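These are the residues of each chain, in order.
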Amino acid sequence: MRVVSGIQPTGVAHLGNYFGAFANWIELQNAGHECFYFIANQHAITIPQNNEILKKNTLEITAIMLAVGLDPKKSTIFIQSDIPVHTQLSWILSCLSPIGEMERMVQFKEKSKIDPSATNLGLLSYPTLQAADILIYKADLVPVGIDQAQHLELTRLLARKFNNTYKSIFKEPKTLHTKTTKVVGLDGAAKMSKGLNNYIGLVEDEKTIWKKLSVAMTDPARKRKTDPGNPAICNIYILHKLFSSQKDLDWVVDGCTNAKIGCIECKKKLFENIIKLTNPIREKYLKLINNPNDLKDILSIGAKKATIIAQQTMDEVNALVGFKYF
Ligand code: SF4
């Protein structure tokens, strides 16, 4: 199966990104699928960006992708803007995109509400570029979070519209939702996100992780160690379920509900289990980010590999649309 997915260079990759995207990407890569994973820097500029910071974030997310286990020998890793035919196809698809449909996109409505004066055409047409990112590789499978379901539906609609208008060349890609649909933030109230500053970064050091974890929200009804708690409503326990063994989970449930352990003890156990994942990632990341030329080589090889497939599709599309004269 051909798999396509992307991630924006936001400057922060956190545990939510790991369980919501990377873990799934690695599994698909290691299952032998033909994977194309890209850094969606063109999607990133739908909100204002500083060019130097965008470049830095692009290299950093590349290093993180490699540090978590994506392997450029198995997966094609590249930057979206290095493959200009994504935007070329996007224009053709935008001429098939119903404006009413675009305006109904939940993400567009939410993002344009944050600052209506900053709403731009890119924010509205973002899902069409996303459709082009996928269709240009004729993907079979797109691993994304549940919040992208509506965009994937549009991708399938645009594939059908193109096929009906010109010729049937596009497959309708299937959505593969990640197993972990939502990683709760340290505030216990919302999904882990950079914007809400309720996250643990994938390459943060131990001191920073503990500082954040030690003040993270727990069961609000548990004021003292002698009060029995309810792990089912505690975000620390929800995080434990992602990181801890059954033995540790049983220890938390028994210790919390019978008031045998304090919240700090419980958080310390979670901390130990989190750093088992993040410390090796951080170590690899630091080596990679200190060798930017190696990262650039990997991205350049990825771009060459991606271009071969993407250009073939674009040539086919251009011929069908009537853009090829000779
Ligand atoms: S002991 Fe653990 S699960 Fe129970 S309330 Fe405290 S942090 Fe949450």
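Residues numbered from 1 in each chain as written. Predicted model: local features only at pLDDT ≥ 70, side-chain atom pairs only at ≥ 80, totals over all residues. Heavy atoms only, no water.

Participant: Could you clarify how one ought to interpret the overall build of the chain in this entry?
Facilitator: The secondary structure content of the chain amounts to 13 helices and five strands. Computed over the C-alpha atoms, the radius of gyration of the chain is 22 Å, within 12% of the 20 Å expected from 2.2 N^0.38 for a compact globule of 326 residues. Here the chain holds 326 residues, and the buried ones make up 49% of them. Considering only contacts in the chain between residues 6 or more positions apart, those separated by 24 or more positions represent 77%. Looking at the chain as shown, the accessible area adds up to about 16000 Å², and 56% of this sits on carbon and sulfur atoms. Counting 41 positive and 31 negative side-chain charges, the chain places the averaged centre of each group 1 Å from the other. (Helix = DSSP H or I, 4+ residues; strand = E, 2+ residues; numbered from the N terminus. Rg over C-alpha atoms; globule rule 2.2 N^0.38 Å. Buried < 20%, exposed > 50% of the residue type's maximum accessible area, 1.4 Å probe, protein only. Contact = heavy atoms within 4.5 Å. Areas by Shrake-Rupley, 256 points an atom, 1.4 Å probe, with all protein chains shown as cover. Lys, Arg positive; Asp, Glu negative; His and termini not counted. Charge placed at Lys NZ, Arg CZ, Asp CG, Glu CD.)

Participant: What am I meant to see in helix 3 (residues 51–68) here?
Facilitator: Residue pairs three or four apart in sequence face the same way in an α-helix, which turns once every 3.6 residues. The end-to-end C-alpha distance of helix 3, which contains 18 residues, comes to 26 Å, matching closely the 26 Å that a straight helix rising 1.5 Å per residue would cover. Burial within helix 3 is extensive, with 13 of its 18 residues counted as buried. You can read the cap of helix 3 off the contacts: a side-chain oxygen lies 2.8 Å from the backbone nitrogen of Glu-52, and it is on Asn-50. Immediately beyond the C-terminal end of helix 3, within one or two residues, lies Gly-69, with a positive phi of roughly 130°. (Expected span 1.5 Å × (residues − 1). Polar contact = N/O pair within 3.5 Å; in protein donor to acceptor, adjacent residues only side chain to side chain.)

Participant: Just to check I follow, could you spell out unusual backbone geometry for this structure?
Facilitator: Keep in mind that most residues, glycine aside, have a negative phi and that most peptide bonds are trans. Positive phi outside glycine occurs at Lys-138, with the angle close to 50°. Tracing the backbone shows Lys-138 in the loop between helix 7 (121–135) and strand 4 (141–144). Even without a glycine there, the phi angle at Asn-197 is positive, about 50°. Looking at the element boundaries, Asn-197 is found in the loop between strand 5 (174–177) and helix 9 (206–214).

Participant: Where do I start with the side chain of Ser-90 in this structure?
Facilitator: Relative to the assigned elements, Ser-90 resides in helix 4 (residues 85–94). Look past the residues within four positions of Ser-90 in its chain and what remains in contact with it is Thr-128, Leu-129 and Ala-132.

Participant: Quick question: what am I supposed to make of the nonpolar core here?
Facilitator: Generally speaking, a soluble globular protein has its nonpolar side chains buried in company with each other. In this structure, Phe-22, Met-65 and Leu-202 are the most contacted members of the largest nonpolar core, which totals 54 residues. When residues are assigned to domains, this core turns out to be shared by domain 1 (2–182 + 292–321) and domain 2 (206–285), each giving three or more. Not counting chain neighbours up to four residues away, the residues in contact with Met-65 comprise Ile-7, Phe-22, Trp-25, Tyr-37, Ile-39, Leu-70 and Ile-77. (Core = buried A, V, L, I, M, F, W, Y, C linked by side-chain atoms within 4.5 Å. Domains from an automatic or database assignment.)

Participant: Would you take a moment to explain the domain arrangement of the chain for this structure?
Facilitator: Accessible area lost when the parts come together is the quantity often used to give the size of an interface. When the domains of the chain are assigned, the result is domain 1 (2–182 + 292–321) and domain 2 (206–285). Look at where the C-alpha atoms of domain 1 and domain 2 centre, and you get two points 34 Å apart. Overall, the association of domain 1 and domain 2 removes approximately 800 Å² of surface from exposure, summing both partners, and the carbon and sulfur fraction of that is 83%. The tally of links between domain 1 and domain 2 comes to zero salt bridges. At the junction of domain 1 and domain 2, the tally comes to zero residue pairs in polar contact (both at pLDDT 80 or more). Only helix 1 (15–30) and helix 3 provide two or more residues apiece to the side of domain 1 that touches domain 2. Considering every element that reaches the side of domain 1 that touches domain 2, the biggest residue donor is helix 3, with five residues. (Buried area = accessible area lost by both parts, 1.4 Å probe. Salt bridge = Lys/Arg side-chain N within 4 Å of Asp/Glu carboxyl O.)

Participant: Quick question: what am I supposed to make of the site of the ligand here?
Facilitator: In the region of the ligand, the neighbouring residues are Thr-218, Asp-219, Arg-222, Cys-234, Ile-236, Tyr-237, Val-252, Cys-256, Cys-263 and Cys-266. When contributions to the shell around the ligand are tallied by element, the ones reaching two or more residues are helix 10 (235–243), helix 11 (246–257) and helix 12 (263–289). Class assignment for the residues of the shell around the ligand results in seven nonpolar, one polar and two charged. (Near = heavy atom within 4 Å. Nonpolar A, V, L, I, M, F, W, Y, C, P; charged D, E, K, R; others polar.)

Participant: Sorry if this is basic, but what is going on with the pattern of salt bridges here?
Facilitator: A side chain of one charge can pair with a side chain of the opposite charge when the charged atoms of the two come close. For the structure on display, the rule yields 13 salt bridges. In this structure, Arg-104 engages Glu-101 in a salt bridge whose closest nitrogen and oxygen atoms are separated by 3.7 Å. Using a relative accessible area of 32% as the deciding quantity, one classes Glu-101 as partly exposed. Taking the shortest distance from any N to any O, the salt bridge between Glu-153 and Arg-156 comes out at 3.1 Å. With Glu-153 and Arg-156 both in helix 8 (residues 149–165) and three residues apart, the pair spans about one turn of that helix. Judged by relative accessible area, Arg-156 falls into the buried class, the value being 15%.

Participant: Would you mind showing me how to read the pairing of strand 2 (residues 34–39) here?
Facilitator: When a strand is regular, its side chains alternate between the sheet's two faces. The buried count for strand 2 comes to five of six residues, which makes it a mostly enclosed element. Pairing of strand 1 (residues 2–7) with strand 2, which is carried by six bridges, proceeds in the parallel orientation. Pairing of Ser-5 across the sheet is with Tyr-37, part of strand 2. Crossover strand 1 to strand 2 through helix 1 is right-handed. (Pairing = 2+ DSSP bridges. Right-handed = clockwise from strand over helix to strand, strands pointing away.)

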